[in-house]
Amino acid sequence: AVANAGLHDPRFMTARVGAPDYLFGPTGTSYDSPFSSVNVQGQVRGYGCNQESHLVIAGPNISALLSDPKPINLTRGTYLDSCGSWLNSAHYLGDQSIVHGFYHEEWHCDYARNSYTNKSIAYAVSSDGGLTYSKPNYPHNAIILPAPGNTSAVHQTGEGDHTVAVDEENMYLFFTEWDPPQGFGTTIGLARATRASGGVPGAWWKYLDGKFSSPGVGGQSSMIRGPTGTAVFYRQKHKDFVSLGGVGIEQGIGLAFSTSPTEGWMTLSDPLLHLDRSSWNRTAPVAELVAYPSLAGDLGAQDVNDDFYLFYTYLEPNASFADRYFVRRRVTLKYSARAVDEGQPQ
């Protein structure tokens, strides 16, 4: 039998990645953010976004793709979301048909000027099982905002591009901190709320200097080292966390694992996908682009364990953002009683 440590330690894991399955596209109307999903009383809801959020999957499993995306009432507003609302994470916590949503928002955007925009994160709620959402107490529904002065007038700034992972007691929100005070370009920050709170405004505390003690709105945060990205999911079967994101400038997209959200992260030796060097500038000639990676099991994002799907947005070589594809690949993790050699075929 495999020692229990091997279930959390990627040195004892290999990953099998299936062929790409093109679910939707080409399109320019959605899939401009990581795919998110939630299981509500046996019904899976999946969301794709592009300044406004859409329902793209609705049915008994993650394969119940809708023929046309349906708006869910999360769109541009008049405040911190004046440039758009992207539903990056949603969770059903067992309270009737209530779904807690956490959306990325932007304002004061000028995308033609070096992608300039201001980012933050806000709370939304659904009372119909994840089919539509509202912004309670708008515009005072922000949950993550940068500290004063942590802004820029020349490039992307703020705190956003997040995922929320929920264990038995707490909710953990991993976000990208643009223009951090540490001066590293971008870093990963972390905030926590109790599961019982539902993650409403005022419930979040950022991780700072070893403690969740800094206010979610306007507080400073420490850099979290180790996750491969801010797409983080809780594996209920193994009681640990898995992150998804870049594992090197020219390597690709890979996984990291830890039993703690704040430390002890270890990266799977080989990436799930090897990538060409590419660019968000789609002026030809340019390579393919794989963007916005995310994970979900057959029953949604809370069903990521040993057998799940890798979702991402894909652009063919020389293609523009008007020709996006929504793609998934099956991923299966296998465990060994001894460490796997780096570079071993997976």
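Residues numbered from 1 in each chain as written. Predicted model: local features only at pLDDT ≥ 70, side-chain atom pairs only at ≥ 80, totals over all residues. Heavy atoms only, no water.

Student: Quick rundown of the overall build of the protein chain? Include the residues and the values.
Tutor: A count of helices and strands for the protein chain gives zero helices and 23 strands. Rg of the C-alpha trace for the protein chain: 19 Å, near the compact-globule value of 20 Å for 346 residues, within the 12% margin. Taking the principal axes of its C-alpha atoms as reference, the protein chain extends roughly 55 × 45 × 45 Å. In the protein chain, which comprises 346 residues, the share counted as buried stands at 54%. When the accessible surface of the protein chain is summed, it comes to about 14400 Å², and 50% of that surface belongs to carbon and sulfur atoms. With 24 positive and 33 negative side-chain charges, the protein chain shows a separation of 3 Å between the mean positions of the two kinds. (Helix = DSSP H or I, 4+ residues; strand = E, 2+ residues; numbered from the N terminus. Rg over C-alpha atoms; globule rule 2.2 N^0.38 Å. Buried < 20%, exposed > 50% of the residue type's maximum accessible area, 1.4 Å probe, protein only. Areas by Shrake-Rupley, 256 points an atom, 1.4 Å probe, with all protein chains shown as cover. Lys, Arg positive; Asp, Glu negative; His and termini not counted. Charge placed at Lys NZ, Arg CZ, Asp CG, Glu CD.)

Student: Give a detailed account of the side chain of Ser258, specifying residues and quantitative values.
Tutor: Within the secondary structure layout, Ser258 lies in strand β18 (residues 252-258). Here Ser260 takes part through its backbone oxygen, which lies 2.7 Å from a polar atom of the side chain of Ser258. (Polar contact = N/O pair within 3.5 Å; in protein donor to acceptor, adjacent residues only side chain to side chain.)

Student: Describe the state of the cysteines, with residues and values.
Tutor: A disulfide bridge is the covalent bond that connects two cysteines by way of their sulfur atoms. Here the structure, examined in full by the defined rule, presents one disulfide. Paired by a disulfide, Cys83 and Cys109 hold their sulfur atoms 2.0 Å apart. On the S-S bond that ties Cys83 to Cys109, the torsion sits near -95°, and the link is left-handed. In this pair, Cys83 sits in the loop between β6 (65-71) and β7 (84-92) while Cys109 sits in strand β8 (residues 99-110), placing the two residues 26 residues apart along the sequence. Judged by its relative accessible area of 7%, Cys83 falls in the buried class. In this structure Cys49 is not part of a disulfide, and its nearest cysteine sulfur, from Cys83, lies 15 Å away. Residue classification places Cys49 among the buried positions, given a relative accessible area of 0%. (Disulfide = S-S within 2.5 Å.)

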